[in-house]
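# Descriptive structure summary
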Amino acid sequence: MSKQSFQGSNINLVKLHNLQVVLLSLLHESHLSRVQLAQKTNLSSTTITNLIAELIGQRIVSELEETALEPGELRPVGRPRTSIQLEPNARFVIGVHIGVGLFRVGISNIYNEMLYNQVIYFDVGLPAGQVLEQIVTTIETVILASGVERGNILGVGVGASGLVDFHSGVNLLAPNLNWRDVPLRDALQQALNLSVVVDNNVRTMALGETYFGVGRGVDSLAFVYGRTGVGAGLIFKGQVFRGSTKGAGEIGHTTILLRGGELCRCGNRGCLETLISEEAILRQTDQIARLYPQGILAQTLSDKDDISPIERVFRAGRAGDETVRAMLEDRAFYLGVALTGLVNLFNPELILLGGIFSRGQDFFLEPIIQTVSQMSFGGMGKQVRIEATSFGWKAGVLGASALALMHFFYQPE
Ligand SMILES: [Zn+2]
């Protein structure tokens, strides 16, 4: 836990901090001259010159002669203008997204552009140790397949399901996997001989969007992900907010139905998760299919092609099944109510939706925006932007690699 401190910094920390602002400025602006860098970072031109020389030496940035002029622009007298840019393939990171019954491993460069990835499905009943062995094998396969030299890999970022202690890298509790106190970081570090950092998977998605997606330049952001469970990652001033005991963002366990709600796996009744998780929607779907055995939904469910049950539900809605559409709209309302609570408490600038909420965005987005806009206090719900994630199905793995990039490259601690 990072305690607030007022200690002075020694000279190396100052240099590290300066390096971070330079790297982040280059990530944000793609290329800048030394003068622009000095202006943006408030550092002296001597400091900038020294830092850039060092980064060029490490082949992390390169110098670009600016030959193209804007229309009507005059070439400046004297030295040709040069700009500095990050070398995208200077270093690489591995991202590992652990979901319920599947994990995905990808390798990305310092712009978080994914070169190669692989998805592996596993039995939910499998002991954590066996899943970790499969993750290690898959990481080695992905490194080999990408052709990246091991020496250029900065480390591995892992986004895990459930409660994670960021500082010890332990997955404290993942009820949907039956995992308890799994030492993800130490186990992977030992097996791979690479540095590893671990956080909750939805938090990594929020971090990924903040630095590499539509959240760039946004001060406060919430990423809300739904599949087996429903969780939120909160970002405030560019930093992940984890709460006082690691659990911030458990929006899935907001009580929505005060009476008569279904039992949630957390032990309470009427939680958001019992109303809009994938499983909850599929239960509703079964009822509709039984009620209308000749309906569009029933036909879609018996289609022969190889798509997931939830995609079949969306397909039926898109094909015009009004009962399905009404059911999805009704479910979206509950999420809208929970997001209204989030807006009232946190007042974020941007809310991004991932997982089934993004795959079914044509059903969910409008009713959610309407509910939040109508119900939030003092017009806050009209100001907040609510969108689907810009990363689509890659949100988990790009989030995990973003965690590694921030931790081992842009903002090392
Ligand atoms: Zn619950």
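Reading the values: the criteria
- Residues numbered from 1 in each chain as written.
- Predicted model: local features only at pLDDT ≥ 70, side-chain atom pairs only at ≥ 80, totals over all residues.
- Helix = DSSP H or I, 4+ residues; strand = E, 2+ residues; numbered from the N terminus.
- Buried ≥ 20, exposed ≤ 12 C-beta atoms within 10 Å, placed from the backbone.
- Contact = placed C-beta atoms within 7 Å.
- Pairing = 2+ DSSP bridges.
- Axes fitted to C-alpha atoms, helices over the stretch in contact; angles between N-to-C directions.
- Left-handed = near helix turned anticlockwise from the far one by under 90°.
- Nonpolar A, V, L, I, M, F, W, Y, C, P; charged D, E, K, R; others polar.
- Arc of directions from axis to C-beta.
- Domains from an automatic or database assignment.

Within the chain one finds 15 helices and 16 strands. By principal-axis analysis of the C-alpha atoms, the chain measures approximately 80 × 50 × 50 Å. Within the chain, the proportion of its 413 residues that are buried is 40%. Within the chain, residue pairs in contact and separated by at least 24 positions form 63% of the contacts whose partners lie at least 6 positions apart.

So, on to the sheet that holds strand β2 (residues 61–65). In sheet architecture, strand pairing relies on hydrogen bonds along the backbone and comes in two forms, parallel and antiparallel. The strand order across the open sheet built from three strands is β1-β3-β2, with neighbouring strands paired in antiparallel fashion. Looking along the sheet, the strands with just one partner apiece sit at the ends: β1 (31–32) and β2.

So, on to unusual backbone geometry. Among all residues except glycine, the phi angle is most often negative; among peptide bonds, the trans geometry is most common. With a phi close to 65°, S30 is a non-glycine residue in the positive phi region. Secondary-structure assignment places S30 in the loop between α1 (11–29) and β1. Even without being a glycine, D181 presents a positive backbone phi close to 50°. Along the polypeptide, D181 turns up in strand β10 (residues 179–182). According to the C-beta neighbour criterion, D181 is exposed, with 11 such atoms within 10 Å.

Turning our eyes to something else, we now look at the packing of helix α10 (residues 309–318) against helix α11 (residues 322–346). The N-to-C vectors of α10 and α11 enclose an angle of 115°; their axes lie 7 Å apart at closest approach. Judged by the twist between their axes, the crossing of α10 over α11 is left-handed. Two secondary-structure elements touch here, α10 through V313, A316 and G317 and α11 through V324, R325 and L328. Among the residues forming the contact of α10 with α11, the class breakdown is four nonpolar, one polar and one charged.

Our next topic: helix α5 (residues 184–192). All of the buried residues in α5 are L184, R185 and L188. With its buried residues spanning 90° around the axis, α5 presents them on a single face. Buried positions along α5 lie against α4 (128–146), β7 (153–160), β9 (170–174), β10 and β11 (196–200). Backbone geometry just after α5 places N193 at a positive phi near 60°.

This next bit is on the environment of T340. Residue position: T340 is located in helix α11. On a C-alpha basis, the gap between T340 and S358 in space is 18 Å, while along the polypeptide they are 18 residues apart. Look past the residues within four positions of T340 in its chain and what remains in contact with it is T371, V372, M375, S376 and G381.

With that out of the way, let us pick up the domain arrangement of the chain. What the domain assignment reports for the chain is domain 1 (11–66 + 79–86), domain 2 (92–211 + 395–410) and domain 3 (215–390). Between domain 2 and domain 3, the C-alpha centre-to-centre distance is 25 Å. Across the contact, 17 residues belong to domain 2 and 25 residues belong to domain 3. Looking at the side of domain 2 that touches domain 3, the elements with two or more residues in it are β8 (163–165) and α6 (201–212). For the side of domain 2 that touches domain 3, the element with the highest residue contribution is α6, accounting for eight residues. Split into classes, the residues belonging to the side of domain 2 that touches domain 3 amount to eleven nonpolar, three polar and three charged.

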